[in-house]
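Survey of secondary and tertiary structure
This is what each chain is made of:
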Amino acid sequence: MSGRTSGQRQYSTRVDDRERLLDEISQHCDLRERLAMIPPSAKWRGVYFNTVSGVLERAGKLAEYQRLMPETYSALRLYPTGEFLEHVAVGGALLRSPAEVHAGMLEIGRDNAVYFAKSLLGRTMLRLLTNDPYRLLQQAISGRRQSANHGRWRLERTGERSAVMHFEQEYAWIESYALGAGIGTFESVGTPANFEVELDGPYDGRHIITW
């Protein structure tokens, strides 16, 4: 009777390590509850999976991330939102710790926005928008529509230098991952901004933004 091959043992160990980490993360955020609530139809584009690995690479932690999350994703294809949340949560835990997973997820959102701004496409887009933060927020909504097939973002202008970004059925954490993306977007154009978060529930709420 033959035993398991080395490859099978490595795969089993990797899966066990990932599940243990996801269980530990779920003690400090509502990951498991979100995964149970997200409908199978909810999808995110693969490019956002790839940006998580980019953050881990720049932090010097790509090897461990890829060991736990070895899947590859085509940039334009749509993939289950639950898988995306697992990648964001694992990445956040590796950047900081499972107990500080929200801080790590905020860092992922922020780093993605800042890194995009340094790209050729980002420099071209943001140069056109840099003098008008409100247009920058409008562009963020347009980008979100192209990124996922669920949820709704709505922008409300509340003053000359203030606005509210409303989120409905946003499964990525409004208080950490989405907050980091907002902070990084304003940082990338050199506009200081203050963000306050209000939640109506896990998937609904708003960012109150002043600049």
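Residues numbered from 1 in each chain as written. Predicted model: local features only at pLDDT ≥ 70, side-chain atom pairs only at ≥ 80, totals over all residues. Heavy atoms only, no water.

1. As for helix α9 (residues 177-188)
- When the terminal C-alpha atoms of α9 are compared, their 16 Å separation across 12 residues agrees well with the 16 Å that a helix rising 1.5 Å per residue should span.
- Those residues of α9 not exposed but buried are Tyr177, Ala178, Leu179, Gly180, Gly182, Gly184 and Phe186.
- Gly190, located one to two residues past α9, shows a positive phi value of around 70 degrees. (Helix = DSSP H or I, 4+ residues; strand = E, 2+ residues; numbered from the N terminus. Expected span 1.5 Å × (residues − 1). Buried < 20%, exposed > 50% of the residue type's maximum accessible area, 1.4 Å probe, protein only.)

2. Thoughts on the environment of Leu199
- With respect to the helices, strands and loops of the structure, Leu199 is situated in strand β5 (residues 194-201).
- In this structure, the C-alpha to C-alpha distance between Leu199 and Ile174, residues 25 residues apart in sequence, is 7.9 Å.
- Apart from the residues within four sequence positions on either side, Leu199 is in contact with Ile174, Glu175, Asp204 and Gly205. (Contact = heavy atoms within 4.5 Å.)

3. Focus: the pairing of β5
- Both β5 and strand β6 (residues 204-210) contribute to a ladder of 7 bridges, which runs antiparallel. The residue of β6 that forms the bridge with Asn194 is Thr210.
- Counting the residues in the hairpin turn of β5 and β6 gives 2 residues. (Pairing = 2+ DSSP bridges.)

4. Things to note about the sheet that holds strand β4 (residues 162-168)
- One open sheet accounts for 4 strands, arranged β3-β4-β6-β5; its pairing is antiparallel. Whereas interior strands pair on both sides, the edge strands pair on one side only; in this sheet they are β3 (152-159) and β5. Across this sheet, the average inter-strand angle for adjacent strands is 15 degrees, counted without regard to direction.
- Two strands pair when backbone bridges link them, and β3 and β4 are joined in this way by 7 bridges, in the antiparallel orientation. Bridged to Gly159 within β4 is Ser162.
- Each of β3, β4 and β6 touches helix α8 (residues 133-147); the most contacted strand, β3, lies at about 170 degrees to it. (Axes fitted to C-alpha atoms, helices over the stretch in contact; angles between N-to-C directions.)

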